[in-house]
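In case you want the letters, here they are:
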Amino acid sequence: MKILLVEDEPKVAAFIKKGLEEQAYEVDQAFDGLFGKKLALQNEYDLIILDVILPHASGLEVCREIRKHNTSVSIMMLTALGATDDKILGLDSGADDYLVKPFEFKELLARIRALTRRATDAPTGEVLKMADLEMDLAKKTVTRAGQPINLTAREFALLHYLMRNRERVVSRVDIIEQVWETSFDTGSNVIDVYINFLRKKIDKDYSPKLIHTLVGMGYVMKENE
């Protein structure tokens, strides 16, 4: 498995790189945003770990640029900015997950395993359908009314979970456990943010609406109100 690490703090970068290589990951490294973007666009990676505050180009800028060219690679943001609004900015730029500094290395590993597992778990050749929405699990593509819809790896995993559980109400805790597969601040609104991302992409310009909220209970994917 090949990982790109973009981190400008030498001690932090060395610590992460050494730990990942001890786990048999292959790691490329960049210390600024511009070089990180160049590596990300020129090479194939299974995961990109991207610090938010970087010289020359911020992690948010780099993330947005990567997403213009590659919607399938998993991206994890590292940030010392722990406020919910800061996290949402990272997710809105196209990141699949975030980790607030300082963190324990075992948590980083757990998040990496969860992200990469989601990227490889889908059965080959299967296509999920609901109304005019189609999800091809082998090709990692989504269309609605025949129009392609670009999703990040985390958005794809969330939609996959919702479509697998169509007509069934799933709670925020269900989503955290099944899509994030790791410990999580259940008091944050990140799940709601991701649901809104999906709604904008697959429901906003189409009918019928497929993602529904049941106040105090969770979410359900169905064709009828």
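Just above, that's the structure.
The shown structure was predicted, so the numbers you read here are calculated from the model rather than taken from an experiment.

K.L.:
Help me out: how do you make sense of the environment of I175 in this one?
P.N.:
Here I175 is to be found in helix α7 (residues 172-180). When its relative accessible area of 0% is taken as the criterion, I175 is described as buried. Residues I175 and K129, 46 residues apart in the sequence, show an inter-C-alpha distance of 20 Å. Apart from the residues within four sequence positions on either side, I175 is in contact with L158, Y161, V170, W180, I191 and Y219.

K.L.:
For this particular structure, what's the right way to read helix α6 (residues 153-164)?
P.N.:
Since there are 3.6 residues in each turn of an α-helix, residues three or four apart along the chain are aligned in direction. The end-to-end C-alpha distance of α6, which contains 12 residues, comes to 16 Å, matching closely the 16 Å that a straight helix rising 1.5 Å per residue would cover. With 11 of 12 residues buried, α6 is to be regarded as a mostly interior element. Every buried residue belonging to α6 is among A153, R154, E155, F156, A157, L158, L159, H160, Y161, L162 and M163, and all of these are buried.

K.L.:
In this structure, what is going on with the pattern of salt bridges? I would like to understand it.
P.N.:
If charged atoms from side chains of opposite charge come close, those side chains can pair. For the structure on display, the rule yields 19 salt bridges. Across the pair R144 and D203 runs a salt bridge whose closest N-O atoms are separated by 3.0 Å. Here R144, found in strand β8 (residues 141-144), pairs with D203, found in the loop between α8 (190-202) and β10 (211-214); they are 59 residues apart in sequence, far enough to count as distant. Owing to a relative accessible area of 0%, R144 belongs among the buried residues under this scheme. Bridged by salt links that share partners, the residues E7, E9, D51 and K101 form one connected network.

How each quantity is defined
- Residues numbered from 1 in each chain as written.
- Predicted model: local features only at pLDDT ≥ 70, side-chain atom pairs only at ≥ 80, totals over all residues.
- Heavy atoms only, no water.
- Helix = DSSP H or I, 4+ residues; strand = E, 2+ residues; numbered from the N terminus.
- Buried < 20%, exposed > 50% of the residue type's maximum accessible area, 1.4 Å probe, protein only.
- Contact = heavy atoms within 4.5 Å.
- Expected span 1.5 Å × (residues − 1).
- Salt bridge = Lys/Arg side-chain N within 4 Å of Asp/Glu carboxyl O.

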